[in-house]
Structures are given as C-alpha cells and as structure tokens.
Amino acid sequence: MNVLKTMGKFFYNAFTIAELEVRKIRHDQTQIWMRMVQPALWLIIYGETMSKLNAMNSSIPSGLTYLQFMTPGVLAQSALFVAIFFGINVVWERDLGLLNKLLSTPASRSSIILGKALSAGVRGILQSIAIVILALILRIHLILNPVHLAGVFLIVILLGMCFSCVSMALASIFRTRERMMGIGQAITMPLFFASSAIYPLAIMPSWIQPFARINPLTYVVDALRGLLATGNLASLPIDIFAIALATVVFLILASLGLKRMVS
Amino acid sequence: MEDKAVIVQDLVKEYPRVKALDGVSFSVDKGEIFGLLGPNGAGKTTMIRVLLTLIKPTSGKTLIYDIDTARNSQEVRSICGYVPQDVSADGDLTAYENVLIYSKLYAMPRKERKERINQVLEYLELTNRANDMVNTFSGGMMRRLEIAQALVNRPRVLFLDEPSIGLDPNARRIIWDLIKKLRNEFGTTIFMTTHDMNEADVLCDRIGIMNRGHLATLDKPSELKSSVGGDIISITSGNRNCYSKLVELGYSTITNTADGRCDLVVKNGETLIPQLLDSLKTAGIQVESVSLKKPNLDDVFLKYTGARIEEGDTFADTRRTRRVFTRLTK
C-alpha cells in the first residue's frame, strides 16, 4: 500500500513537471513552427535529390520510394534535435534559480528528471504530428491507421526521454550553456549519421555499422519505419526493448547527475 | 528543544578548495525572524541549502522542527518554503500557473488547491495580475510571486535568500512589511540571509554574523550594536602620529586607515569631542575633520570580523542574471 502511494506520488510529480512544459508550449507556439523548417528542407531538398540515386533506390526495402523510406528518419531526427539540447534548458534553469526551487519541494530528484524527460517526449509528439502533416502535403504515402500512429507516439516519447536524459546527464558534467551548445552540435550529427535514418545500414561504410547497431536512434528509426512505411512489425518488440533499456539507463544517470548540477 | 524551529550542530561543508562552513552551531526559535548577515562567500547560501537538503554537509547535524534533515529529507522539504536569491518564477507561465505547479508538487489536496492559490495571490496583492505572463512583471512583483510560490503549502519555516536583492527601495519596503506580517499573523519562522545591514537591522529579531564559514557572533541587533561599546568618533589628520598619540591618550581605536583616518569607540561622544580636540592640539597634531556616529551593524561587523562588508561577485552576478532574464523575456 505504502509502495503504491509512493509510486503514485512519484508519477504525479513527474506529470506535474511535464504539465509545466505543456503549459509553456501553449503560451508560445512559435518554436513549434520554427522547428518544422529543418525537416521540411530535408524532405523537400535532400529527399528529392537523393531519390534520384540508383544505389539508394536499389538498397532500400522494395516497394518503398526513397521519400517513404526517409520520412520516419527525418521524424526521428527532428525529435532527436529537440531532446539533445534539452540539457541546456536545465542548465539555464539552474543558472536562474528555478532548479534549486524545484529541488526544494518534496518531489524526489528522479521524479523531476522523469518529468523533464516526459516534457521532451511531449515536444517530440508535436514534432511528429507536424511531420505527418508535412508528409501529407508532400504526398508521401504513409500508413496512418490509429494503432500505428499510437505506436509512433510511444516510440517518439521514448526517443525524447532517452536523449533528453543523455543531454541532462551530460549537462551535469559540462555544467555551462556554452559547452552544452558545443556538445549538442558534436553528438547530434554522429548519432544521426550512424543510424539508418537517411540511408540503409547495408550501404553505410562497414566500420560505422557496429556503432549503428548500438545507437538507440537506429532502433527508433527501425520501429518508426515499420509503423509508418513498411508495415512490417516483426522487429518492433526488440526495438522497443532496446529503446526502453537505453531510456532507463540514461534516466538513472541523469538523476544521479542532478545532485552534481546544483552543488 | 521544543521551542526550536531550526537547530544546527557543528556543521561543516568542505568543497575541494574551500571550507564553506567550518563548524557552525546555533538555533532558531519558532516564530522568530532570524537573519544571517555576512559578505558574499561567507557561507550563508550554503547554510540554507544544507538545511533544505539540497546539498549534503561534510559533517554535523541539522534539525528542522525536530526532524533530522539527513534522515528524512522529504518530510523536511514538505514543511519548508524557499525563495532563492536568483529568479525562480517561470517567465513563460502566468502567475497563477507558477503557483499551481508548486501547489501540486507540495501535494496539496485537489479540493483546496484553487482556493489556496487564490488566497496566496491575494495576500501578495497579485490577484489582478494572476493570469498575466510573468515575463511582463516588475522585479518587485516577481519577488512577491516567488514568495507566493513558497507560501502556498503554508510552510512552518520560510527560507529567504537575500529577499530584497536587486529591488528598488519601494519594492524593498513592501517585501519587508510582508515578511513582518507573515510572522505576526501566522507565526511563520523566517530564516533569511542578507548582506544588507539596514535590512538585517530593520527586520531581524536576532542576527548571526557570518564570515568565511564561521559564525562570528549571534545576538539581537540592539545588543550587537551596544556591544561595539558606545559612539564612534572618526578623526582624519595629515599627521602620522595621530594614531599613536590617541593610543597614548588611552582611547581604544578600532581602525587606522592608510588615508589617515582613526576610528575611536567612546562613551558620550558629544561631550568628549571638544576635550579630545584640545588634547590633540596640545600634542601638536592638526585635525582635518571630525565626525560622530552612533554605532550601526556595519561597525558590529567590523568589530567581529575585522573587515567592512562589501558587495562582491555574487551580488553583481545576480543583478546581471536578473537583467539578462528580463531582457530575454521581453
């Protein structure tokens, strides 16, 4: 009974922190629109160009156009970008005093981290809605049945949580906004390129492939592609397991790091 | 023990390069306005953060309402309120939302929530701005909102870190009145830090003077001031022998600055000045100026720490942060 009560409180606090984020987004929606620019460019310019390459077309799963293949990758990328810079928010909140005040409430440190991670997930959902709309406008054919879309949202929430925790864990080590800017820049591209987001693993340089296999983003893209493009869900359980595992690990690391943030 | 709100025993907090707290012990009574006074880096903020279980002390013990902060940190946090010295209200939300989030984190029952939030906003005279975005607020309103957030769970101990820092005199006066009102109406124990002598003097029932991690002294402001020993006469003279002559005449001097100023502590300064000037004249020492001053906390500080309190880095930093914040949110 007591355990249930503690758990209930834990999640209630986490959802409260996420609610804070949702309320912020509601007050200021400009950044949602701003964040649509980059994925649109990837799809319209990069996607259109690359779909003319024979090597690319022959290596993607048959029956898919390159744009269909790439859209889940672009979705994953745009949600990743939101999450990976999330640590900057936390550093900013620490510099202001918001973080200290949050930590002085009875809410536990890990529930605060979970709440922040969920916030990144929420932003990821908005991002995926935007990209699905974008894909409809560009007439990219996607599987849009409600069950699959729910799956997409689940994966995107996990993606946001996983990489925002990576970012928050890094923030506790690097501690300044400037450094976090640099770190974010330095890790997003390797993560993005060492995944199957914009090309199949098979045609990537062989030395990167092992990295791609331990990159959580690869599993995210695989799951999203199954749900949105191919409809093949055979590897979905493994994908979800891999992403959930990474999320839990980084959630723990970020919670441990939070103590370092404020001292 | 029963009438104590806060008890601190032999508290030590060591950082790799400095000892922020070096064996501090004191206690705060229930319903008291207690102030820690000291320059930046004295360990005041560290003290608050240890009490609020935000950082772990190296050694020592702290109790809040007889709850051991090391053993039961969540319980301690649930009976305390905290207003950090930096900006802690979220500019991207409305005032109501800012308080709402905290009422939830303090696990306030859903039924009471709305009423309680409105009460606290009204108490701080923010009702008519409740649904405005906080980034349109002035510094004083922002501070009041931050206090509202900390009050929503009706804390037994309210921790205020430099409550009037960066505020204009008018807003500062409002905050002071509010702090007094809180204690008088609800019996809330107030634990505050400040580096402003005047603020400590006006507000606090008792003041602890901190310097470099030590508690130099602790008493009522009036007692502290009379402990200086009387009035202070400052004499400036171009003659270098002025200081040694004064010592020779049997006066107790507390400072002798490089620019030729000597501060003496005397009883009945008004009647002593003519006599003092005569003796110096006979000794052949030309006096350039004389001033008489009743002791204030600055002199108390000087007496116990051997230094004048100064505005250091942290204050400037805070002001900068507040400015940057306002700029970014406008």
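Calculation notes
Residues numbered from 1 in each chain as written. Chains lettered and ligands numbered in written order. Predicted model: local features only at pLDDT ≥ 70, side-chain atom pairs only at ≥ 80, totals over all residues. Axes fitted to C-alpha atoms, helices over the stretch in contact; angles between N-to-C directions. Helix = DSSP H or I, 4+ residues; strand = E, 2+ residues; numbered from the N terminus. Left-handed = near helix turned anticlockwise from the far one by under 90°. Contact = placed C-beta atoms within 7 Å. Nonpolar A, V, L, I, M, F, W, Y, C, P; charged D, E, K, R; others polar. Expected span 1.5 Å × (residues − 1). Buried ≥ 20, exposed ≤ 12 C-beta atoms within 10 Å, placed from the backbone. Pairing = 2+ DSSP bridges. Domains from an automatic or database assignment.

### Let's talk about the packing of helix α5 (residues 66-84) of chain A against helix α9 (residues 146-174) of chain A
All names here are of chain A. As a packed pair, α5 and α9 sit with axes 8 Å apart at the nearest point and diverge in direction by 35 degrees. Handedness of the crossing formed by α5 with α9: right-handed. The residues of α9 that touch α5, namely those facing A76, A79, L80, V82, A83 and I84, are V156, L159, G160, F163, S164 and S167. In terms of residue class, the contact of α5 with α9 is built from nine nonpolar, three polar and no charged.

### Here's the deal with the interface of chain A and chain B
Of the residues lining the interface, 21 residues belong to chain A; the matching set on chain B comes to 25 residues. Those elements giving two or more residues to the side of chain A that touches chain B turn out to be α1 (2-27), α6 (86-96) and α7 (98-103) of chain A. Per-element accounting of the side of chain A that touches chain B gives the leading share, seven residues, to α1(A). Among the residues forming the side of chain A that touches chain B, the class breakdown is seven nonpolar, eight polar and six charged.

### Concerning helix α5 (residues 139-151) of chain B
Residue and element names in this part refer to chain B. Helix length check: α5, at 13 residues, gives a terminal C-alpha distance of 18 Å against a target of 18 Å (1.5 Å per residue), a fit within 8%. The element α5 is extensively covered by neighbouring structure, given that 11 of its 13 residues are classed as buried. If you check which residues of α5 are buried, you get M141, M142, R143, R144, L145, E146, I147, A148, Q149, A150 and L151. Tucked inside the fold, the buried residues of α5 contact β6 (80-83), α3 (95-105), α4 (110-123), β7 (157-161) and α6 (169-186).

### Some thoughts on the sheet that holds strand β1 (residues 4-14) of chain B
Residue and element names in this part refer to chain B. Reading across the sheet, the four strands line up as β2-β1-β4-β5 and stay open at both edges, with antiparallel pairing between neighbours. Each end of this open sheet is capped by a strand with a single partner; those strands are β2 (19-29) and β5 (67-68). Strand direction decides the pairing type here: β1 and β2, joined by eight bridges, are antiparallel. Paired with V8 across the bridge in β2 is F26.

### Notes on the domain arrangement of chain B
According to the domain assignment, chain B consists of domain 1 (4-225) and domain 2 (229-294). Distance from the C-alpha centre of domain 1 of chain B to the C-alpha centre of domain 2 of chain B: 42 Å.

### Here's the deal with the sheet that holds strand β8 (residues 189-194) of chain B
All names here are of chain B. Taken together, six strands build an open sheet; the order of strands is β6-β7-β8-β3-β9-β10 and the sheet is mixed. Single-partner strands in this sheet number two, and they are β6 and β10 (214-219). Between one strand and the next, the sheet's axes are offset by a mean angle of 15 degrees, whatever the strand orientation. Where β7 lies against β8, five bridges are found, and the strand directions are parallel. Bridged to D161 within β8 is T193. Strands in contact with α6 are β3 (33-37), β7 and β8; relative to β8, the strand with the most contacts, it is inclined by about 155 degrees.

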